[in-house]
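# Examination of the molecular architecture
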Amino acid sequence: MNDAILEAALDLAGRPANRRKVVFVISDGYEKGSRASYGDVMRVLLSKEVAIYGIGVDAAAIPVYRGAEKLHIPGLGTGNILPRYASATGGDVFSEGGRDAIENAYQRLTLEARNQYTLGYNTHISAAGTERTIEVRVHRPGLKVFAKQGFYPLPPQPAKPDVHAATPPSQ
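Residues numbered from 1 in each chain as written. Predicted model: local features only at pLDDT ≥ 70, side-chain atom pairs only at ≥ 80, totals over all residues. Heavy atoms only, no water.

## Points about helix α4 (residues 99-114)
Counting along an α-helix, one turn takes 3.6 residues, and residues three or four places apart therefore face a common direction. Definition in use: Helix numbers and strand numbers start at the N terminus; a helix is a DSSP run of H or I with at least 4 residues, a strand a run of E with at least 2. How far a helix is expected to stretch is found by multiplying one less than its residue total by 1.5 Å. Burial classes follow relative accessibility: with a 1.4 Å probe on protein chains only, a residue under 20% of its type's maximum area counts as buried, one over 50% as exposed, and anything between as partly exposed. Taken from the helix axis, the directions to the C-beta atoms give the arc we talk about. Here, residues are in contact when the closest pair of their heavy atoms is within 4.5 Å.
Taking 1.5 Å per residue as the helical rise, α4 with its 16 residues ought to reach 22 Å, and the 23 Å between its terminal C-alpha atoms agrees with that figure. Along α4, the residues classified as buried are A101, A105, L109, E112 and A113. Projection of α4 onto a plane perpendicular to its axis shows the buried side chains occupying an angular sector of 100 degrees, all on one side. Opposite the packed face of α4, turned more than 90 degrees from it, sit the exposed residues R99, D100, Q107, L111 and R114. Along its buried surface, α4 packs onto β1 (21-27), β3 (50-56) and β6 (92-95).

## A few points about a nonpolar patch on the surface
This is how it is decided: Residues enter patches when their relative accessible area tops 30% and they take part in no salt bridge; the joining distance is 9 Å for like charges and 5 Å for the nonpolar side chains Val, Leu, Ile, Met, Phe, Trp and Tyr. Residue-level accessible areas treat just the shown protein chains as cover; the underlying method is Shrake-Rupley with a 1.4 Å probe. Any carboxyl oxygen of Asp or Glu within 4 Å of a side-chain nitrogen of Lys or Arg constitutes a salt bridge here.
Together, I134, V136, V138, L143 and V145 make up an exposed nonpolar region whose accessible area comes to about 350 Å². Positionally, V136 belongs in the loop between β7 (132-133) and β8 (150-151).

## Observations regarding the side chain of N2
Of note, N2 is situated in helix α1 (residues 2-12). Taking the relative accessible area as the measure of exposure, N2 reaches 4% and is therefore buried. Ignoring sequence-local partners within four residues, the contact set of N2 consists of E31, S34, A36, S37, Y38, V41, I81 and Y85.

Below is the structure:
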């Protein structure tokens, strides 16, 4: 799971900043032997502003087994981590079974992804290699808020050269 999400996020990383970056995962959510760690993947997702949306299938679609998300049994992989990725990146996970239910969830998910607001702010604090946490609160009842749990500050962009600046005399 970690390797697949990381690969998808890296593929999306080159998209322009004004384009939404969403990875859509259909999975049971279990991590089974990836080389990348959850932390490594989260660093890329948050620094490249990639949201994870998913559909839980098999055991992940059965409410009774959702408690397995917290389990880690050596040799069997980690419990369903798909909800952790979605929650941390401002995405969502739908638990569905069957083709029609998956198609309906995909429609809901695309509608949700298209009807989002992006909030931003500027800070005078310099960029650092550590994650910054955020909290989003709304004062209007009935709204559903999906927000990233944090982000990694981007390094300052170098100043663009002034194309109108004086050029050295030709020889």
